[in-house]
Amino acid sequence: DRERHEAWEATGRAAYEAGKAALPEVFRKRLARFESNLPDFGEQHGAYELSCCTDGALIAATLKTPEAVKAFGKMPWAEQMKAVPGLFDGHSVNTFGMAVRLAHHYLTDPALVWREHAAIAALVGCKEAGCPPVKEKASCNPS
């Protein structure tokens, strides 16, 4: 824990904040929600979630339609890397699946990007991931 914390303070926090700042607003809102629910979210799970958000935004920006994202999700990895240059090549099945899911959300209903569970929740549970609760309704989905 001490080594992880020292690495976070030395370089991790700055890298996380820079990566977060480069994201579209709804992805930043997603991370802010987790941070507000779990004060050490950035240190604990930030890099994991940031990789999903970064590639989710990249996939959406490159492919531009939900139909293209769905087709992309079914391609072999080598074809996916060609279709969306710059993808992180160290994804797990979980992080890559969430990146594709977030891209689809972004193109169909952006509010779902920030309302979706944290990717790490599949491994540690919602409470430990910082994903509960959704405290506000999306302005584009006023039901």
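Residues numbered from 1 in each chain as written. Predicted model: local features only at pLDDT ≥ 70, side-chain atom pairs only at ≥ 80, totals over all residues. Heavy atoms only, no water.

From N to C terminus, the protein includes 9 helices and 0 strands. Secondary structure elements of the protein, listed N to C terminal, follow the sequence α-α-α-α-α-α-α-α-α. For the protein, the C-alpha atoms occupy an extent of roughly 45 × 40 × 25 Å along the three principal directions. Counting across all 143 residues of the protein, residues that qualify as buried make up 39%. Counted over contacts in the protein with a minimum sequence separation of 6, partners at least 24 positions apart contribute 65%. Total accessible area on the protein is roughly 7,800 Å²; 58% of this is exposed by carbon and sulfur atoms. Distance from the positive charge centre (17 side chains) to the negative charge centre (18 side chains) of the protein: 7 Å. (Helix = DSSP H or I, 4+ residues; strand = E, 2+ residues; numbered from the N terminus. Buried < 20%, exposed > 50% of the residue type's maximum accessible area, 1.4 Å probe, protein only. Contact = heavy atoms within 4.5 Å. Areas by Shrake-Rupley, 256 points an atom, 1.4 Å probe, with all protein chains shown as cover. Lys, Arg positive; Asp, Glu negative; His and termini not counted. Charge placed at Lys NZ, Arg CZ, Asp CG, Glu CD.)

A word on the environment of His 91. Here His 91 is to be found in the loop between helix H5 (77–83) and helix H6 (93–108). The sequence separation of His 91 and His 117 amounts to 26 residues, and the corresponding C-alpha distance is 18 Å. Engagement of the side chain of His 91 in a polar contact is seen with the side chain of Asp 55, the distance being 2.6 Å. Reaching out from His 91, the side chain makes a polar contact with the side chain of Thr 95 at a distance of 2.7 Å. (Polar contact = N/O pair within 3.5 Å; in protein donor to acceptor, adjacent residues only side chain to side chain.)

What helix H4 (residues 66–73) keeps buried is the set Pro 66, Val 69 and Phe 72. Seen from one end, H4 has its buried residues packed into an arc of 120°, which puts them on one side. The exposed set on the far side of H4, more than 90 degrees from its buried face, consists of Glu 67 and Lys 70. Looking at the buried residues of H4, the elements they touch are helix H3 (41–63), H5 and H6. (Arc of directions from axis to C-beta.)

Let us look at the state of the cysteines. Put plainly, two cysteines are in a disulfide when a covalent bond ties their sulfur atoms together. Considering all chains together, one arrives at 0 disulfides under this definition. There is no disulfide at Cys 131, and the cysteine sulfur nearest it, in Cys 126, is 3.3 Å away. Classification of Cys 131 as buried rests on a relative accessible area of 3%. (Disulfide = S-S within 2.5 Å.)

Our focus in this paragraph is the nonpolar core. Ranked by size, the top nonpolar core spans 24 residues in total, and within it Leu 23, Phe 27, Leu 31 and Leu 102 carry the most contacts. Counting only elements with at least two residues in this core, the list comes to helix H1 (2–21), helix H2 (25–37), H3, H6 and helix H7 (111–115). When residues of this core are assigned to their parent elements, the largest contribution, 5 residues, is made by H3. Core analysis: the second largest hydrophobic core is formed by 11 residues, Ile 59, Leu 63, Leu 87 and Ala 103 among them. (Core = buried A, V, L, I, M, F, W, Y, C linked by side-chain atoms within 4.5 Å.)

When you line up the elements, His 45 lands in helix H3. Ignoring anything within four residues of it in the chain, the contact list for His 45 reads Leu 38, Ile 120, Val 124, Glu 128 and Ala 129.

The next point concerns the packing of H3 against H6. Contact pair H3 / H6: the axes reach a minimum separation of 7 Å and the direction vectors enclose 45°. Regarding the angle of H3 to H6, the classification is oblique. The two elements H3 and H6 cross, and the hand of that crossing is right-handed. Of the residues in H6, those touching H3 at Tyr 48, Ser 51, Cys 52, Cys 53, Asp 55, Gly 56, Ile 59 and Ala 60 are Asn 94, Thr 95, Met 98, Ala 99, Val 100, Leu 102, Ala 103, Tyr 106 and Leu 107. Taken together, the residues of the contact of H3 with H6 sort by class into 12 nonpolar, 4 polar and 1 charged. (Axes fitted to C-alpha atoms, helices over the stretch in contact; angles between N-to-C directions. Parallel < 35°, antiparallel > 145°, perpendicular 65-115°, else oblique. Left-handed = near helix turned anticlockwise from the far one by under 90°. Nonpolar A, V, L, I, M, F, W, Y, C, P; charged D, E, K, R; others polar.)

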